[in-house]
Amino acid sequence: DQSVYMHLTDWVKFMLPLKINESKESYDNLFRLASFCYNNGISKHILHYAKILSTTKPLNIEYCSLLVNIYLQCDLPHEALKLINLALIKYPKNGTLITYLAKVYYYLDKKNIAMSCLFEGLLLNPNQADALCTYYSITYASNPTLCVNNLNLLSKLQGSFMPALLLAYLALRENNSTTAL
């Protein structure tokens with residue numbers, strides 16, 4: 001088994017066109033390729049094909065989330081906002097989509113709207129680890145009491161477990177093992 005290592009810029013130049021050609025007939029393959037490009041910070045090279053992907057299959061939450069990230073990585077927040085709003089018509093009470101809406105508003109420097117959307121998304125789905133950590137990191141710095149009160153509220157929602165874990169972490173960080181339990 002031999003591995004070949006290639007610099008990312010060379011991979012984009014030589015391999016990406018081949019991968020696109022191999023993948024453009026398969027939604028799943030193109031989705032994986034778009035994910036790879038996003039995760040490696042090279043979304044601009046897959047943007048055209050990622051947009052095509054959105055027309056080949058009905059819009060789903062997983063694809064919408066990826067395309068929003070790609071749009072933001074390509075500095076196209078208004079395209080991301082249009083896509084999220086379209087998805088919210090189909091899935092109006094989806095915590096993940098509302099959390100991504102918050103991400104777009106935060107990118108657009110509409111922080112109050114973003115935080116409101118973020119909390120709304122967490123009320124619908126309190127176990128979103130990234131959203132919960134984002135909410136905590138922004139809110140705790142400016143208002144720790146509000147943050148802890150809201151985490152307590154979220155931890156009481158049916159099926160919720162991530163807010164309780166975060167509260168336990170905060171208690172342990174303050175050497176309060178009784179509260180952590």
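Structure: see above.
The model shown is predicted, which means the values in this text are computed figures rather than measured ones.

1. Focus: the overall build of the protein chain
Then comes step 1: For the protein chain, the helix and strand inventory stands at 11 helices and zero strands.
Then comes step 2: Starting at the N terminus and walking to the C terminus, you meet the elements of the protein chain as α-α-α-α-α-α-α-α-α-α-α.
Then comes step 3: Across its three principal axes, the protein chain shows a C-alpha extent of roughly 55 × 45 × 30 Å.
Then comes step 4: The proportion of buried residues among the 181 residues of the protein chain is 40%.
Then comes step 5: In the protein chain, 51% of the contacts between residues at least 6 apart in sequence involve partners at least 24 apart.
Then comes step 6: Total accessible area computed for the protein chain in this model is approximately 10800 Å², and 55% of it derives from carbon and sulfur atoms.
Then comes step 7: Here the protein chain carries 15 positive and 12 negative side-chain charges, and the mean point of each set is 5 Å from the other.

2. A word on helix H7 (residues 111-124)
Then comes step 1: Taking 1.5 Å per residue as the helical rise, H7 with its 14 residues ought to reach 20 Å, and the 20 Å between its terminal C-alpha atoms agrees with that figure.
Then comes step 2: Looking at the buried positions of H7, the neighbouring elements they touch are helix H6 (95-107), helix H8 (129-142) and helix H9 (144-155).

3. As for the packing of aromatic side chains
Then comes step 1: All chains considered together, the criterion is met by six aromatic pairs.
Then comes step 2: Taking the centre distance of 4.8 Å and the plane angle of 55 degrees together, the rings of Trp 11 and Phe 36 count as tilted. Here Trp 11, found in helix H1 (residues 8-23), pairs with Phe 36, found in helix H2 (residues 27-39); they are 25 residues apart in sequence, far enough to count as distant.
Then comes step 3: Under the relative-accessibility criterion, Trp 11 is labelled buried at 15%.
Then comes step 4: In this structure Phe 36 comes out as partly exposed when scored by relative accessible area, which is 35%.
Then comes step 5: Ring-pair connections join several aromatic residues into one group, and the members of that group are Tyr 27, Phe 31 and Tyr 63.
Then comes step 6: One Lys or Arg, Lys 111, reaches over the ring of Tyr 106 and ends 4.4 Å from the middle of that ring.

4. Let's talk about unusual backbone geometry
Then comes step 1: Even without a glycine there, the phi angle at Asp 109 is positive, about 65 degrees.
Then comes step 2: Tracing the backbone shows Asp 109 in the loop between H6 and H7.
Then comes step 3: Taking the relative accessible area as the measure of exposure, Asp 109 reaches 57% and is therefore exposed.
Then comes step 4: One non-glycine residue, Asn 175, lies in the positive phi region at around 55 degrees.
Then comes step 5: By the secondary structure assignment, Asn 175 is in the loop between helix H10 (162-173) and helix H11 (177-180).
Then comes step 6: Given a relative accessible area of 74%, Asn 175 falls into the exposed group.

5. Considerations on the environment of Leu 167
Then comes step 1: Among the structural elements, Leu 167 can be located in helix H10.
Then comes step 2: Among all residues touching Leu 167, those that are not within four sequence positions of it are Val 148, Leu 151, Asn 152 and Ser 155.

6. Looking at the side chain of Ser 65
Then comes step 1: Its place among the elements puts Ser 65 in helix H4 (residues 61-73).
Then comes step 2: Judged by relative accessible area, Ser 65 falls into the buried class, the value being 9%.
Then comes step 3: Within the structure, Ser 65 has its side chain in polar contact with the backbone oxygen of Ile 61 (distance 2.9 Å).
Then comes step 4: Aside from chain neighbours lying at most four places away, what touches Ser 65 is Thr 96 and Tyr 100.

7. Quick notes on the nonpolar core
Then comes step 1: In terms of nonpolar packing, the biggest core is built from 54 residues, with Leu 33, Ile 46, Tyr 63, Cys 64, Val 68, Ile 70 and Ile 84 touching the most fellow members.
Then comes step 2: The element contributing the most residues to this core is H4, with eight residues.
Then comes step 3: Among all residues touching Leu 33, those that are not within four sequence positions of it are Trp 11, Leu 16, Lys 19, Ile 20, Ser 23 and Ile 46.

Cut-offs applied
- Residues numbered from 1 in each chain as written.
- Predicted model: local features only at pLDDT ≥ 70, side-chain atom pairs only at ≥ 80, totals over all residues.
- Heavy atoms only, no water.
- Helix = DSSP H or I, 4+ residues; strand = E, 2+ residues; numbered from the N terminus.
- Buried < 20%, exposed > 50% of the residue type's maximum accessible area, 1.4 Å probe, protein only.
- Contact = heavy atoms within 4.5 Å.
- Areas by Shrake-Rupley, 256 points an atom, 1.4 Å probe, with all protein chains shown as cover.
- Lys, Arg positive; Asp, Glu negative; His and termini not counted.
- Charge placed at Lys NZ, Arg CZ, Asp CG, Glu CD.
- Expected span 1.5 Å × (residues − 1).
- Phe/Tyr/Trp six-rings, centres within 6.5 Å; stacked < 30°, edge-to-face > 60°.
- Lys NZ or Arg CZ within 6 Å of the ring centre and 35° of its normal.
- Polar contact = N/O pair within 3.5 Å; in protein donor to acceptor, adjacent residues only side chain to side chain.
- Core = buried A, V, L, I, M, F, W, Y, C linked by side-chain atoms within 4.5 Å.

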